[in-house]
Amino acid sequence: MTKLFNLLKGKKGLEERVKQIQEGDVKERNSLIKEYIPFIQKNTSNQVGKFIDKEDDAYSIGLMAFNEALDKYNEGRGSFLAFASMVIKSRVVDYQRKQSRLSKEVYLSQFDKNEEDTVSDNLLAVDGFEATIETKLDMMKLISEMKVYEVSLEDLIKESPKHIDTRIKAVEIARYIYDNPAAKDTFLKDQQLPVKEIMDALHISKKTIQRSRKFIIAMVLILNSNLDTLKQYIIGIERRGQNET
């Protein structure tokens, strides 16, 4: 009954317990983790796509992710359980990718630490972004916004320009749309690129626009947002373009 009561505590009660844990209460940490094992198993199982028991490696990943969430949570991130769920999903995805031995061009919600210059080399490279919770939260928001334009993460990975010159041109198009009120209004209202306007204004062929269409859409959405961690990628591309002119 005590466990059930704790699980049913209101938002304020749970967040207060997390704060107590962050202040060094090891006993409370162990108690809360034990109470939320069903939550950890459920979220881990949902990501893996099958029921995960305590003997499974993925369960250990989920457990460590929940513990990580206890350390990194702050009230500005919303509810703790929503934050913990995101961290668990992120860490399990990292684990799955390592298991399948993919090192590059994987889901953008997975990032490894590397030098800043690498960001400009490939949006889809694991090394392209620092592995921070903030970046992953931004990526989740972008994925949600792209759905309105019928662009999936898989689409973005598959169709993003591989050559730097093509990427520079695509970002230039995105910047034009964002900076031009009429073009941006068409983009947001019709949920599609104002192709003819772009062709006339930038003297670019329709084929060039269509080839990078989904990538351009993603870049405009980033520019028209508060996704600051992802905007650094665009800044890097524009900097490369300036250096090459």
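Quick summary incoming for the structure in this document. Residue positions within a chain follow its written sequence, with the count starting from 1. Where local features are concerned, this predicted model is filtered to residues with pLDDT of at least 70; where side-chain atom pairs are given and counted, the filter is 80 or more; whole-chain, interface and lining totals use all residues. In computing side-chain values, all of the structure's heavy atoms are included and hydrogens and water are not.

Secondary structure assignment for the chain yields 14 helices and 0 strands. Burial status follows relative accessibility: with a 1.4 Å probe on protein chains alone, a residue under 20% of its type maximum counts as buried, one over 50% as exposed, and anything between as partly exposed. Evaluated residue by residue, the chain yields a buried proportion of 44% over its 245 residues. Counting only carbon and sulfur atoms, one obtains 49% of the accessible surface of the chain, whose full area is about 13500 Å². Each helix corresponds to a stretch of at least 4 residues labelled H or I by DSSP, and each strand to a stretch of at least 2 residues labelled E; elements are numbered beginning at the N terminus. In short, Shrake-Rupley with a 1.4 Å probe defines the accessible areas, and a residue's cover is counted only from the protein chains shown.

This next bit is on the nonpolar core. Put simply, buried Ala, Val, Leu, Ile, Met, Phe, Trp, Tyr and Cys residues joined by side-chain atoms within 4.5 Å make one nonpolar core. Core analysis: the largest hydrophobic core is formed by 37 residues, its most contacted members being Leu142, Ile177, Phe187, Leu193, Ile209, Ile216 and Met219. Mapped by element, the contributors of at least two residues to this core are helix 7 (133-148), helix 8 (153-159), helix 9 (164-179), helix 10 (181-190), helix 11 (195-202), helix 13 (213-223) and helix 14 (228-244). Broken down by element, the residue count for this core peaks at 9 residues, all from helix 13. Counting 21 residues, the second-largest nonpolar core is a separate cluster that includes Val18, Phe39, Ile40 and Ile88.

Turning to unusual backbone geometry, a few remarks are in order. Positive phi outside glycine occurs at Glu150, with the angle close to 60°. Position of Glu150 relative to the elements: it lies in the loop between helix 7 and helix 8. Taking the relative accessible area as the measure of exposure, Glu150 reaches 68% and is therefore exposed. Unlike most non-glycine residues, Gln191 shows phi in positive territory, near 55°. Along the chain, the position of Gln191 falls in the loop between helix 10 and helix 11. Given the relative accessible area of 39%, Gln191 is considered partly exposed.

Here we take up the packing of helix 9 against helix 10. Each packed pair of helices is defined by two parameters, the angle between the axes and the distance between the axes. Working convention: axes come from line fits to C-alpha atoms, limited for helices to the stretch in contact. Angles between N-to-C directions cover 0 to 180 degrees. It is the contact of helix 9 with helix 10, at a shortest axis distance of 5 Å, that shows an interaxial angle of 100°. Classified by the angle between their axes, helix 9 and helix 10 sit roughly perpendicular to one another. Touching Tyr176, Ile177, Tyr178 and Asp179 of helix 9 are Pro181, Ala183, Lys184 and Phe187, all from helix 10. Roughly parallel covers angles under 35 degrees, roughly antiparallel covers those over 145, roughly perpendicular covers 65 to 115, and oblique covers all other angles. Note on definitions: a residue-residue contact is assigned when non-hydrogen atoms from the two residues lie within 4.5 Å.

The next point concerns the pattern of salt bridges. Every case where a carboxyl oxygen of Asp or Glu lies within 4 Å of a side-chain nitrogen of Lys or Arg is listed as a salt bridge. Scanning all chains against the criterion turns up 11 salt bridges. Its salt-bridge partner being Glu68, residue Lys72 comes within 2.9 Å of it at the nearest N-O pair. With a gap of 4 residues between them, Lys72 and Glu68 both fall in helix 5 (residues 57-72), about one helical turn apart. Overall, Lys72 belongs to the partly exposed group, its relative accessible area being 39%. The exposure class of Glu68 is buried, given its relative accessible area of 15%. In this structure, Glu159 and Lys214 form a salt bridge, with 3.5 Å as the shortest nitrogen-oxygen distance.

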